[in-house]
Amino acid sequence: MKTTRCYLANDTSSRAAGAGRLADAWSDRPEIQLIRTSSRGAFFLEPMVERDTPNGREAWFNVAPNDLPRIVGGVGGTPVAEIPFLQQQTRFTFANFGITEPLALDEYQTRGGLKGLAAAQSLSPEGIVEALRISRLRGRGGAAFPVWKKWQVAQQTGSEQKYVVANADEGDAGTYCDRMIMEGDPFRLIEGMMICARAIGATHGYLYCRYEYPAAARAMKFSIQKAREADLLDCDDYPFDLEVVTGAGSYVCGEETALLESLEGRRGVVLAKPPYPAESGLYGNPTIVSNVLTFATIPNILANGGAWHASIGTEGSRGTMALQIGGRVKQPGLVEVPFGLTLHDVLDRFGGGMAPGSRFKAVQVGGPLGSLFPESQLDIPICYDAFAEAGAILGHGGIVVYDDETNMVELARHFMAFTADESCGKCTPCRIGSVRGREILERIQAGEGTAESLDLLKDLGETMKATSLCALGGRAPYPVLTAIEHFPEEFKKGLTH
Amino acid sequence: MTTRHRPGLAEALEYCRPVPPVKSNILKTLLAVQSALGHVPTSAIPQIAQVLGVTDAQVAGVLSYYSDLRTQSPGRHLIRVCMGESCTANHGGRVLRAIQDHVRVAVGGRTLEGRFTVEKMSCAGNCAVSPTVMIDEDLCGRVTPSEVPSLLEPYT
Ligand SMILES: Cc1cc2nc3c(=O)[nH]c(=O)nc-3n(C[C@H](O)[C@H](O)[C@H](O)COP(=O)(O)O)c2cc1C
Ligand code: SF4
Ligand code: FES
């Protein structure tokens, strides 16, 4: 019997959608050979099965075990190139997704992997930093700081020992692109970290991975071992080694100084800056802490040149952004597009409208510290400047849509409770303020709020914004205050007089 | 779903004994102990502190700081229900209630016969296939309250 080669994603979310059950059901079927790839990120279509045709891949969506005859017979497939959700994207960092086997180093190389590292090897450390300066890449972890500036500080700070740390804490609920990179294209992250190591002169790297991502940690450990065995980590006699370290469920450990405290094994408490980690970080040595997506963006920049990257996007936001759509939309998934589309466009073109039976109420961008937008404010362009101007953040690119069943007072309480739970306790406005904020909201929920409750919340919010040491306390008021601003009636219902 | 060999405390600590120049690492050690024993009993603090050459208070401080470190032994299976925003927007709260009703335990508690511990978790990175329930290391997506019984059945 002829065996048909098919492709099925093996990433955490595809498996959660049923890819694992599908593979099990077909494991003894001789007519099909399954290649387990990364996911394209069109998660609403998973489990999605693809096969080769003379005109490229064809795909079958939301496949169940009894779809096998159709797939083997080639009946009813859709050309992947014609899936609108994918067709309208610009995939650079996520170009391999859905195509390659994540842990196959040779395949990574065949598809252009390691070209960035090769380019970096032909440059001086200063040359690498210069390429990044020209690229105008800003960090994708949340703070959007120019990458080259940080690298230059670490490069110019004299020290025997320097470190590169990938921030894989991905704490913002609603975000999953770091997880996808670690599970789906791990060598790209390793390559990015190695380029950084060469630029600053680091010999050791860590990947600090959240506890909730066991599959990602496994994929990274496996890939690092593979790279080590291929003598890839120590290239050109330039020694470098990498280690995966797991966190233990603390949101604030995504903040870089807390992360380094945690990496040293202590309580993940935020430290005052300066000194910045680039000058004095892990064990007091110059350390670059960058986000996983940031590192994964770098190989293409070195391979294609900084000017290539700078030619994409908007004035202050160059390149592409990985947006992660979740919540009550019809088509949740990963979207890589140049900066500049409006939020409305993104939700409309990619999100595909609301999940059946639900109506739009608000969308939150930038994780649990991000602002809420009502329908009337969706024309904001996705770029750092427009968001900063609106007092909002793009953060790590999480977009969560809420439907009209959402109770805004409860949502606001959820955010204050989250901050109270996750506060590292270092500063009073965040530690105490978040508890007070939660209590006020609980009183409103119980119908016991007074006319002053909302003013009190606003005052508290302003104090937290102005006086917190880090963005957890400093940004926590935003989702709460934007909820009050856009949905005041719901809060007023809980006031007695 | 199979019971693995779990090394004892002493065995787990042996791997974490700091050998210069490698520095002692409390968090890493506690995670290793938890993976060996399923939890970190507070009675183990002095022994851990001694192996690492740190004070009991330092170990206790780290142990209490991190929410994924547990001091109570969990049930045979750990059910974690995501309360992140995408899961909440997709009614993960209803799934949590269905699970609690089905196994009859409060959040943070262990069922009488020791089969399950139920906990809330923050985002599992499965937001596009939410709501999410994690049972041991298995991640389930698009979970509905009505499928809870069949979902839990294989975990005995
Ligand atoms: C409370 C808090 C949580 C954070 N969580 C993360 C995170 O999970 N992942 C991340 O990359 N950056 C996180 N950051 C930002 C980091 O402090 C740091 O700016 C970032 O890792 C730098 O990488 P980048 O330059 O590539 O963005 C967080 C910051 C704060 C204040
Ligand atoms: S704002 Fe909150 S989390 Fe940040 S340093 Fe202060 S107490 Fe810690
Ligand atoms: S919010 Fe639940 S998996 Fe992300």
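Residues numbered from 1 in each chain as written. Chains lettered and ligands numbered in written order. Predicted model: local features only at pLDDT ≥ 70, side-chain atom pairs only at ≥ 80, totals over all residues. Heavy atoms only, no water.

J.: Now, about the state of the cysteines: what can you tell me, with residues and values included?
T.: When the sulfur atoms of two cysteines share a covalent bond, that bond is a disulfide. All names here are of chain B. Inspection of the entire model under this criterion finds zero disulfides over all chains. In this model C140 remains outside any disulfide bridge; the closest cysteine sulfur is found in C87, 12 Å from its own. On the accessibility criterion, C140 (12% relative accessible area) is buried. (Disulfide = S-S within 2.5 Å. Buried < 20%, exposed > 50% of the residue type's maximum accessible area, 1.4 Å probe, protein only.)

J.: Hey, could you go over helix α11 (residues 214–229) of chain A for me, with residue numbers and the actual values?
T.: The terminal C-alpha atoms of α11(A) lie 23 Å apart, and with 16 residues this matches the ideal 22 Å at 1.5 Å per residue to within 8%. Within α11(A), the full set of buried residues consists of A:P214, A:A215, A:A216, A:A217, A:A219, A:M220, A:S223, A:I224 and A:A227. Elements that come into contact with the buried residues of α11(A) comprise α1 (12–16), α9 (177–184), α10 (186–200), β7 (204–209) and β8 (241–246) of chain A together with β3 (133–135) of chain B. Backbone geometry just after α11(A) places A:D231 at a positive phi near 55 degrees. (Helix = DSSP H or I, 4+ residues; strand = E, 2+ residues; numbered from the N terminus. Expected span 1.5 Å × (residues − 1). Contact = heavy atoms within 4.5 Å.)

J.: Give me the site of ligand 1: which residues, what numbers.
T.: Residue and element names in this part refer to chain A. In the vicinity of ligand 1, 20 residues are found, and the nearest of them are G141, N167, E256, N291 and T294. At 2.7 Å from an oxygen atom of ligand 1 is found a main-chain nitrogen or oxygen belonging to G141. Between ligand 1 and E256, the relevant distance is 2.9 Å, taken from an oxygen atom to a main-chain nitrogen or oxygen of the residue. Protein contacts shield 92% of the accessible area of ligand 1, which totals 610 Å² for the unbound molecule. It is strand β9 (residues 287–291) that contributes the most residues to the shell around ligand 1, three residues altogether. (Near = heavy atom within 4 Å. Polar contact = N/O pair within 3.5 Å; in protein donor to acceptor, adjacent residues only side chain to side chain. Areas by Shrake-Rupley, 256 points an atom, 1.4 Å probe, with all protein chains shown as cover.)

J.: Account for the side chain of B:T29, naming residues and giving values.
T.: Residue and element names in this part refer to chain B. Tracing the sequence through the fold places T29 in helix α2 (residues 26–37). Given the relative accessible area of 1%, T29 is considered buried. A polar side-chain atom of T29 sits 2.6 Å from the main-chain carbonyl oxygen of N25. Beyond its immediate stretch of four places on either side in the chain, T29 contacts L13, C16, I48 and L52.

J.: So, the pattern of salt bridges: which residues are in play, and what are the values?
T.: All told, the structure shown has 35 salt bridges over all chains when counted by the stated rule. For A:R179, the salt bridge is made with A:D11, and the minimal N-O distance between the two is 2.8 Å. Highlighted residues: A:R179 in helix α9 and A:D11 in the loop between β1 (4–9) and α1, separated in sequence by 168 residues. Across the pair, exposure class does not vary: A:R179 and A:D11 are buried alike. The partner of A:E130 in a salt bridge is A:R133, and the shortest N-O contact between them spans 2.8 Å. Of this pair, A:E130 and A:R133 both sit in helix α7 (residues 125–135), three residues apart, roughly one helical turn. Salt bridges sharing common partners tie together A:R210, A:E212, B:D68, B:R70, B:R80 and B:E119. (Salt bridge = Lys/Arg side-chain N within 4 Å of Asp/Glu carboxyl O.)

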